[in-house]
Amino acid sequence: MIPLHDDNPTETTPFFTIALIAGNILVFVYELTLPTLASAQQFVMSFAMIPGEIVSADIRREAVTLFTSMFLHAGIMHLAGNMIYLWIFGNNIEDAVGHIKFLIFYLLCGLAATFAESISMAAVAYT
């Protein structure tokens, strides 16, 4: 099911929701404009969170990827699906809790997702 709209009116402009959608789209477009497949792969490897490297590599570099990986998408459908849901639900959440709390919530959810992925990949690796 793909929602196209909701019936919950908002009272404030969802500044962070709009900024996050724009940021995600800009990162994706930038990746598409890289001149070679090798440069695109290097971009992804530099900014993606790689579960095995979280515990074995330089933690300062990997800590940054916990955030930068939130803006990487595997394809146009992945990006479109995420941005549709961010728009449908994000503007209502931002309106209900406020701009700063919404941004904190968004980032904490992104961190939770990266940790969940790391744990599930570790579980697969040890089975």
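Conventions and cut-offs
Residues numbered from 1 in each chain as written. Predicted model: local features only at pLDDT ≥ 70, side-chain atom pairs only at ≥ 80, totals over all residues. Heavy atoms only, no water. Core = buried A, V, L, I, M, F, W, Y, C linked by side-chain atoms within 4.5 Å. Buried < 20%, exposed > 50% of the residue type's maximum accessible area, 1.4 Å probe, protein only. Helix = DSSP H or I, 4+ residues; strand = E, 2+ residues; numbered from the N terminus. Contact = heavy atoms within 4.5 Å. pLDDT = per-residue confidence, 0-100. 1 Å grid on protein atoms, 1.4 Å probe; cavity = no way out; pocket = protein on both sides within 12 Å on 5 of 7 lines; lining within 4 Å. Points joined across faces, edges and corners; volume = space filled by probe spheres on them. Nonpolar A, V, L, I, M, F, W, Y, C, P; charged D, E, K, R; others polar. Axes fitted to C-alpha atoms, helices over the stretch in contact; angles between N-to-C directions. Patch = residues over 30% accessible without salt bridge, like charges linked within 9 Å, V, L, I, M, F, W, Y side chains within 5 Å. Areas by Shrake-Rupley, 256 points an atom, 1.4 Å probe, with all protein chains shown as cover. Salt bridge = Lys/Arg side-chain N within 4 Å of Asp/Glu carboxyl O.

Novice: Just to check I follow, could you spell out the nonpolar core for this structure?
Specialist: Considering soluble globular proteins, one finds that nonpolar side chains tend to be buried as a cluster. If you look at the biggest cluster of nonpolar residues, it comprises 8 residues: Leu-20, Ile-21, Phe-28, Leu-79, Met-83, Leu-86, Phe-102 and Tyr-106. Elements that contribute at least two residues to this core include exactly α1 (15-33), α5 (76-97) and α6 (99-125). Setting aside anything within four residues of it in sequence, one finds Phe-28 in contact with His-73, Gly-75, Ile-76 and Leu-79. Residues Leu-34, Ala-40, Ala-48 and Leu-72 belong to the second largest nonpolar core, which totals 5 residues.

Novice: Whenever I open this one, the confidence of the model for the protein chain confuses me. Can you help?
Specialist: Low-pLDDT stretches of the model should not have their predicted coordinates read in fine detail. Mean pLDDT for the protein chain: 87, with 89% of residues reaching 70 or above. At the level of individual helices and strands, the protein chain shows its lowest average pLDDT in helix α3 (residues 51-56), which scores 71, and its highest in α1, which scores 96.

Novice: Can you help me understand the layout of surface pockets in this one?
Specialist: Take a probe with the size of a water molecule and roll it over the atoms, and the empty space left behind shows itself. In this model, the largest pocket occupies a volume close to 560 Å³. Lining the largest pocket are 23 residues, with Met-70, His-73, Asn-82, Met-83 and Tyr-106 positioned closest to its centre. Among the secondary structure elements, those contributing two or more residues to the lining of the largest pocket are α1, α5 and α6. Top contributing element to the lining of the largest pocket by residue count: α5, with 8 residues. Residues that form the lining of the largest pocket fall into these classes: 15 nonpolar, 7 polar and 1 charged.

Novice: Before we go on, may I ask you to explain the packing of α1 against helix α2 (residues 37-47) in this structure?
Specialist: The angle between the axes and the distance between the axes are what describe a pair of packed helices. Put simply, α1 and α2 touch, their axes get as near as 8 Å, and they point 145° apart. From α1, Val-27, Tyr-30 and Glu-31 reach across to α2, where they touch Ala-40, Phe-43 and Val-44. A per-class count over the contact of α1 with α2 returns 5 nonpolar, no polar and 1 charged.

Novice: Sorry if this is basic, but what is going on with the side chain of Thr-17 here?
Specialist: For Thr-17, the position within the fold is in helix α1. Apart from the residues within four sequence positions on either side, Thr-17 is in contact with Leu-86, Trp-87, Gly-90, Asn-91, Glu-94 and Phe-102.

Novice: Looking at this structure, how should I read a nonpolar patch on the surface?
Specialist: Together, Ile-2, Ile-84, Tyr-85 and Phe-89 give the surface a local cluster of nonpolar side chains, amounting to about 380 Å² of exposed area. For Phe-89, the position within the fold is in helix α5. Phe-89 gets classed as partly exposed once you look at its relative accessible area, which sits at 44%.

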